[in-house]
Amino acid sequence: MSGMANGKLMAISDLHVAYPENRKIVEKLRPESDSDWLLVAGDVGEFVADVEWALGLLNERFATVVWAPGNHELWTPKDDPVTLRGEARYRHLVEVCRGLGVLTPEDPYAVWRGPGGPVTIAPLFVLYDYTFRPPDTTKEEAMAWAHETGVVCTDEFLLHPDPYPSRDAWCRARLRETRARLDARDPDIPTVLVNHFPLVRQPTDILRYPQFAQWCGTVETADWHLKYNAATVVYGHLHIPRTTWYDGVRFQEVSLGYPRERRMYGREDAPPLREVFPSGDAS
């Protein structure tokens, strides 16, 4: 799994392959060389079979595929033959990935030794805890605001936290587990942190509906790009592909997103894959 001298570290998220247009894009994704790695930052699809199809296809083409789950993979849609919920669903997806040869947040972190390396590739699964909400408001007040304005994430109905009592409780457990794994890595090697949700709150400031920010991360990860020596941070979820910088660290949102969004914002011709390390996009 070592990157070769001519390999590239590519990334994408929010493939949403239930949309036929997106499925066709995924079918056409190809590496530029046999040594390219691909980081997939969540929201491949809602049905387990779709996730398995997409990651299996990509793993046949790229030297290494690394997956971090999004919220959509954790949904339990009524039409999915796989009826597992919460933690059990996540663990099932991990086993599906292992069967394909795709790396997950539960596997030993791989080290990219291609251009710019070595860097430790750390896929994360930490969820969210509703702390990306307006200052001086409680979770209950922020949730009431969302319901009053009709901006409520579908997670509230389809992402079950079993066996935890709430999604924020599951988030707290994931934070503990993930910190322990990151603390155990080789501290002398920089990291590429891959998470579905942004690790810092600032990227949510441009959301059209600020009520949605509470489903976009946790303030507990605000210093992880510094604490864990990140060379770059890769994320998705917002469907706003761009590059921003915080504390001198490049954060790259790599969503493919929904077809209607690409048409609305004139991104239909944008390359779906982005090289994220060592160069990355400057915009």
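Structural notes, computed from the coordinates. For clarity, every value in this text was computed on a predicted model and none was experimentally measured.

The buried count for strand 9 (residues 249–253) comes to 5 of 5 residues, which makes it a mostly enclosed element. Alternating positions in strand 9 separate into two faces, Val249, Phe251 and Glu253 on one and Arg250 and Gln252 on the other, with burial throughout. By the bridge criterion, 4 bridges tie strand 7 (residues 230–235) to strand 9 in an arrangement that is parallel. Along strand 9, the bridge assignment pairs Val233 with Phe251.

Along its 15 residues, helix 3 (residues 86–100) runs 22 Å from first to last C-alpha, staying within 8% of the 21 Å computed at 1.5 Å per residue. Of the residues making up helix 3, those classed as buried are Gly86, Glu87, Arg89, Tyr90, Leu93, Val94, Val96 and Cys97. Looking at the buried residues of helix 3, the elements they touch are helix 2 (48–61), strand 3 (64–67) and helix 6 (167–183). At the C-terminal side of helix 3, Gly101 shows a positive phi close to 90°.

Here the focus is the packing of helix 2 against helix 3. Running from amino to carboxyl end, helix 2 crosses helix 3 at an angle of 30°, the nearest separation of the two axes being 10 Å. Taken as axis vectors, helix 2 and helix 3 run roughly parallel relative to one another. The element helix 2 and its partner helix 3 pack so that their crossing is right-handed. Along the contact surface, helix 2 presents Val48, Val51, Glu52, Leu55, Gly56 and Asn59, while helix 3 presents Arg89, His92, Leu93, Val96, Cys97 and Leu100. Among the residues forming the contact of helix 2 with helix 3, the class breakdown is 7 nonpolar, 3 polar and 2 charged.

This part is about the environment of Ala230. Here Ala230 is to be found in strand 7. On the basis of relative accessible area, Ala230 is assigned to the buried category, the value being 9%. On a C-alpha basis, the gap between Ala230 and Ile189 in space is 9.3 Å, while along the polypeptide they are 41 residues apart. Contact partners of Ala230, with chain neighbours within four places excluded, come to Thr191, Leu193, His225 and Val249.

About the cut-offs
Residues numbered from 1 in each chain as written. Predicted model: local features only at pLDDT ≥ 70, side-chain atom pairs only at ≥ 80, totals over all residues. Heavy atoms only, no water. Buried < 20%, exposed > 50% of the residue type's maximum accessible area, 1.4 Å probe, protein only. Helix = DSSP H or I, 4+ residues; strand = E, 2+ residues; numbered from the N terminus. Pairing = 2+ DSSP bridges. Expected span 1.5 Å × (residues − 1). Contact = heavy atoms within 4.5 Å. Axes fitted to C-alpha atoms, helices over the stretch in contact; angles between N-to-C directions. Parallel < 35°, antiparallel > 145°, perpendicular 65-115°, else oblique. Left-handed = near helix turned anticlockwise from the far one by under 90°. Nonpolar A, V, L, I, M, F, W, Y, C, P; charged D, E, K, R; others polar.

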